[in-house]
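What follows is the residue order along each chain.
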Amino acid sequence: MFNLRVYGLLINEQQEVLVSDELIRGNYITKFPGGGLEFGEGSRDCLIREFMEELDLRIEVTEHIYTTDYFQISAFNPQHQIISIYYFVKAMEPIKVQLNDSPFQFTEAQQKRYQQKQEIESFRFIPLNKIKADDVTLPIDKIVVELLSSKIH
């Protein structure tokens, strides 16, 4: 079974990239915003939907960065192979959600919601000149951080 994921790299005017800090079924994960491709949608449409769902943010999907080119098993289901597609995205309006200064700063309301949904998320920016592969959790994201670092240096 294949699990198709689509992620966006949003870089602000201060040359920082947006990341999502998530608590999913007891696992703390830092990743780029995005999520699963749904039947009937294209990868760009998926990313537009995901940014609207997660951040209430209208985006423009711009340049393709990377598509997984090796076998990666899912961290959540060993029966699934992950294929991830990454794009640069541009915010079409100011970000409305709360942005944090450090990882996993969840509000009390988010923590209560976690009891029901078993997943919560918060967002923050990391300076492009400081981001390292160790700053993100998912193996494919680590590759994208390395690609991103090579583009800016």
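For the structure, check the block above.
Position numbers for residues start from 1 in each chain and track the written sequence from start to end. Local features in a predicted model are, by the rule used here, given only for residues with pLDDT of at least 70; side-chain atom pairs are given and counted only at 80 or more, and totals for whole chains, interfaces and linings are based on all residues. Remark: hydrogens and water are excluded; side-chain values derive from all non-hydrogen atoms of the structure.

1. So, the pattern of salt bridges
Consideration 1: For this document, the term salt bridge refers to a Lys or Arg side-chain nitrogen within 4 Å of an Asp or Glu carboxyl oxygen. With the rule as written, the count across this model stands at 11 salt bridges.
Consideration 2: For arginine 49, the salt bridge is made with glutamate 38, and the minimal N-O distance between the two is 3.5 Å. Note that arginine 49 is positioned in helix 1 (residues 43-55) and glutamate 38 in the loop between strand 4 (34-36) and helix 1, a separation of 11 residues in sequence.
Consideration 3: Residue arginine 58 is joined to glutamate 93 by a salt bridge in which the shortest nitrogen-to-oxygen separation is 3.6 Å. Placement of arginine 58 in the loop between helix 1 and strand 5 (59-67) and of glutamate 93 in the loop between strand 6 (81-91) and strand 7 (99-100) is noted, with a sequence separation of 35 residues between them.
Consideration 4: On the accessibility criterion, arginine 58 (45% relative accessible area) is partly exposed.
Consideration 5: Residues participating in the shared-partner salt-bridge network are Glu38, Glu41, Arg49, Glu50 and Glu53. Each helix corresponds to a stretch of at least 4 residues labelled H or I by DSSP, and each strand to a stretch of at least 2 residues labelled E; elements are numbered beginning at the N terminus. Here's how the labels work: a residue is buried when its accessible area is under 20% of the maximum for its type, exposed when over 50%, partly exposed in between, all with a 1.4 Å probe on protein chains only.

2. Some thoughts on helix 1
Residues spaced three or four apart along an α-helix face the same direction, because each turn holds 3.6 residues.
Consideration 1: Counted at 1.5 Å a residue, the expected span for helix 1 with its 13 residues is 18 Å, and the 18 Å between its end C-alpha atoms agrees.
Consideration 2: Considered for burial, the residues of helix 1 that qualify are Ser43, Cys46, Leu47, Arg49, Glu50, Phe51, Glu54 and Leu55.
Consideration 3: Positive phi appears at aspartate 56, one or two residues downstream of helix 1, with a value of about 50°. To estimate the expected span of a helix, subtract one from its residue number and multiply by 1.5 Å.

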